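Here's the letter readout for the chains.
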Amino acid sequence: MSDSLNIDVAIVGGGIAGLWLLSHLRAHGYGALLIEGRRLGQGQTIASQGLIYGSSSYTLAGAGAGAGAGAGAGAGAGAGAEIDRTADKLTEIWRRCLTGSGEVDLSGVRQLSQLQYLWMPKPRSSWLNRLIHPFKRKPAIAIPTGIDCPALLSQLGVDGAVYQLDEPVLDVASLLQVFAERQREAIVLNRGSLVLSSDGAIALLAPERNPVTIRPRWCVFTAGVENAALVWAPVKIRTVHMIIVRGKHLPDNVYAHCLSDGATPRLTITSHRAADGSVIWYLGGQLAEEGKRRRVSQHLREARRELTRLLPKADLKDAQFTTLRIRRVEGPRTEGKHPDKPGVSQNGKVIAAWPGSLTMVPMLAEAVVQRLERNGLRPAAVSLEPLADWPRPEVASYPWDNEQLVWQ
Ligand SMILES: Cc1cc2nc3c(=O)[nH]c(=O)nc-3n(C[C@H](O)[C@H](O)[C@H](O)COP(=O)(O)OP(=O)(O)OC[C@H]3O[C@@H](n4cnc5c(N)ncnc54)[C@H](O)[C@@H]3O)c2cc1C
């Protein structure tokens, strides 16, 4: 085996950002190689809720906020229209890819749902509340008409206005798996700590093998929170404290956001199946954001209370709860609003990139490729044959399948 390999682009980090970029670059003829240090998606991607946000999320959550952010992001009126267009374009790119007709072939990725629901809880109607907040629930922007509450949600006790969002929810493990299979030859595992030498070379290490020196013309870091180690990259990190519920009597098809008066939904619920077949509810939104400093026991008490308040008929008798504290890397903010574009930063021939959300990953890949082209990089034929028997990383497992979790 050769101990040195010249390539166009080395990508460090195999979450959704690195994997999408790898596919995009290779589809355009670039000799790209992705280097993963642990498991594919072992960071934010496998811990995400899998929601793709279109403009409806932005609009409806904006209504709840009085103006502002979507189920995952947002902005004020002028910028809002622009963000809506971008969000719709990105959702459309995802849809095309999921049907196998887009720039990246995602046919075979499991969609947990084609729809998301969004509901507005009824305000407490005390005379005092009405006096203090007379206009609180008046939407600041036009919103689609609510639908009759779907049986699923009314069985859980939802009785406010409900909106149906035509936006998919993905099984992110299957998303990672599809990339791992389709791009196998261009994804390698590095067992050592990753060192980028001053001439841009990276030593690829694996037990009982001679190191291989990768010599990329450009290097792109899509290493999630680890991008923060690049001191020149303005990475912003936000901790969230997610709740995981495992229950025999929970329905397995709830994908819904409960609006708050603020920019983030009060609660976002997605449903999943654990490896042992049990139903999982994964809870994010304001509950997870506000809980970042809570102790686990305190956070679990609050989560039970919030579920009982918002879904009073949910059967939580046998439910077990646990939490996941995780750091989320954000995109840049426009005028202090939620991120509406991916972060891309450059230092010489090294780029750091982070999407801010799954939804924005196609935009990130496009931005990186444009930057490489602007800097004169042209595709060159590269054979990855010398790495044909190099170890490949596995795909990460869902947080709820971690055997170390303590359920309460
Ligand atoms: C709890 C939570 C819920 C979310 N829900 C949603 C959602 O519903 N919808 C949405 O659009 N977005 C959501 N997001 C955001 C979304 O998940 C992230 O923006 C996205 O997954 C980031 O992908 P990434 O590839 O940049 O990073 P990551 O997924 O963190 O991947 C980074 C990769 O780099 C690897 N790595 C790190 N250091 C090295 C190194 N030195 N060498 C080699 N490899 C390395 C890691 O092992 C990992 O595989 C959520 C995020 C969180 C935390």
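These lines cover the structure that appears in this document, whether it is placed above or below. (Residues numbered from 1 in each chain as written. Predicted model: local features only at pLDDT ≥ 70, side-chain atom pairs only at ≥ 80, totals over all residues. Heavy atoms only, no water.)

**Some thoughts on the packing of aromatic side chains**
Two aromatic rings are characterised by how far apart their centres lie and by the angle between their planes.
Argument step 1. Applying the stated criterion across every chain, the model contains 4 aromatic pairs.
Argument step 2. Between Tyr-282 and Trp-400 the ring centres are 5.0 Å apart and the planes differ by 70°, which places this aromatic pair in the edge-to-face class. With a gap of 118 residues between them, Tyr-282 in strand β15 (residues 279-284) and Trp-400 in the segment after α10 (361-374) connect regions that are remote in the sequence.
Argument step 3. Note on Trp-400: relative accessible area 3%, which makes it buried.
Argument step 4. In textbook terms, an aromatic cluster arises when at least three aromatic residues are bridged by ring pairs, as seen for Trp-20, Trp-94 and Phe-179. (Phe/Tyr/Trp six-rings, centres within 6.5 Å; stacked < 30°, edge-to-face > 60°. Helix = DSSP H or I, 4+ residues; strand = E, 2+ residues; numbered from the N terminus. Buried < 20%, exposed > 50% of the residue type's maximum accessible area, 1.4 Å probe, protein only.)

**Concerning the packing of helix α1 (residues 16-27) against α10**
Argument step 1. Viewed as axis vectors pointing N to C, α1 and α10 meet at an angle of 55°, and their least axial separation amounts to 9 Å. As judged from the angle between their axes, α1 and α10 are oblique. Crossing of α1 against α10: the hand is right-handed. Contacts between α1 and α10 involve Ile-16, Ala-17, Trp-20, Leu-21, His-24 and Leu-25 from the first element and Val-361, Pro-362, Leu-364, Ala-365, Glu-366, Val-368, Val-369 and Leu-372 from the second. (Axes fitted to C-alpha atoms, helices over the stretch in contact; angles between N-to-C directions. Parallel < 35°, antiparallel > 145°, perpendicular 65-115°, else oblique. Left-handed = near helix turned anticlockwise from the far one by under 90°. Contact = heavy atoms within 4.5 Å.)

**Here we look at the pattern of salt bridges**
Argument step 1. Scanning the model with the defined rule gives 17 salt bridges in all.
Argument step 2. Of the charged contacts, one joins Arg-26 and Glu-185 as a salt bridge, the two residues approaching to 2.6 Å between their closest N and O atoms. Placement of the pair is Arg-26 in helix α1 and Glu-185 in the loop between α7 (172-182) and β9 (187-189), with a sequence separation of 159 residues.
Argument step 3. Taking the relative accessible area as the measure of exposure, Glu-185 reaches 48% and is therefore partly exposed. (Salt bridge = Lys/Arg side-chain N within 4 Å of Asp/Glu carboxyl O.)

**What about the site of the ligand?**
Argument step 1. Looking at the ligand, there are 36 residues lining it, with Glu-36, Gln-44, Thr-45, Leu-51 and Leu-358 nearest.
Argument step 2. One of the backbone nitrogen or oxygen atoms of Ile-16 is found 3.2 Å away from an oxygen atom of the ligand.
Argument step 3. For the ligand, the protein covers 94% of the area, taking 1000 Å² as the surface of the free molecule.
Argument step 4. Looking at the shell around the ligand element by element, the count peaks at 3 residues for helix α2 (residues 44-47).
Argument step 5. Across the shell around the ligand, the residue classes tally to 14 nonpolar, 17 polar and 5 charged. (Near = heavy atom within 4 Å. Polar contact = N/O pair within 3.5 Å; in protein donor to acceptor, adjacent residues only side chain to side chain. Areas by Shrake-Rupley, 256 points an atom, 1.4 Å probe, with all protein chains shown as cover. Nonpolar A, V, L, I, M, F, W, Y, C, P; charged D, E, K, R; others polar.)

**A short note on the sheet that holds strand β12 (residues 236-247)**
Argument step 1. Taking strand neighbours across the sheet as the criterion, the 7 strands line up as β7-β6-β13-β14-β15-β12-β16 in an open arrangement whose pairing is mixed. With one partner strand each, in any of the chains shown, β7 (161-165) and β16 (320-330) form the two edges of the open sheet. Strand-to-strand twist of the sheet, defined as the mean angle between neighbouring strand axes without regard to direction, takes the value 25°.
Argument step 2. Bridge analysis of β12 against β16 gives 11 bridges, and the strand direction is antiparallel. Within the sheet, the bridge partner assigned to Met-242 lies in β16 and is Leu-324.
Argument step 3. Here helix α9 (residues 296-310) sits on the sheet and contacts β6 (116-120), β12, β13 (256-258), β14 (267-273), β15 and β16; the angle it forms with β16, its principal contact strand, is near 100°. (Pairing = 2+ DSSP bridges.)

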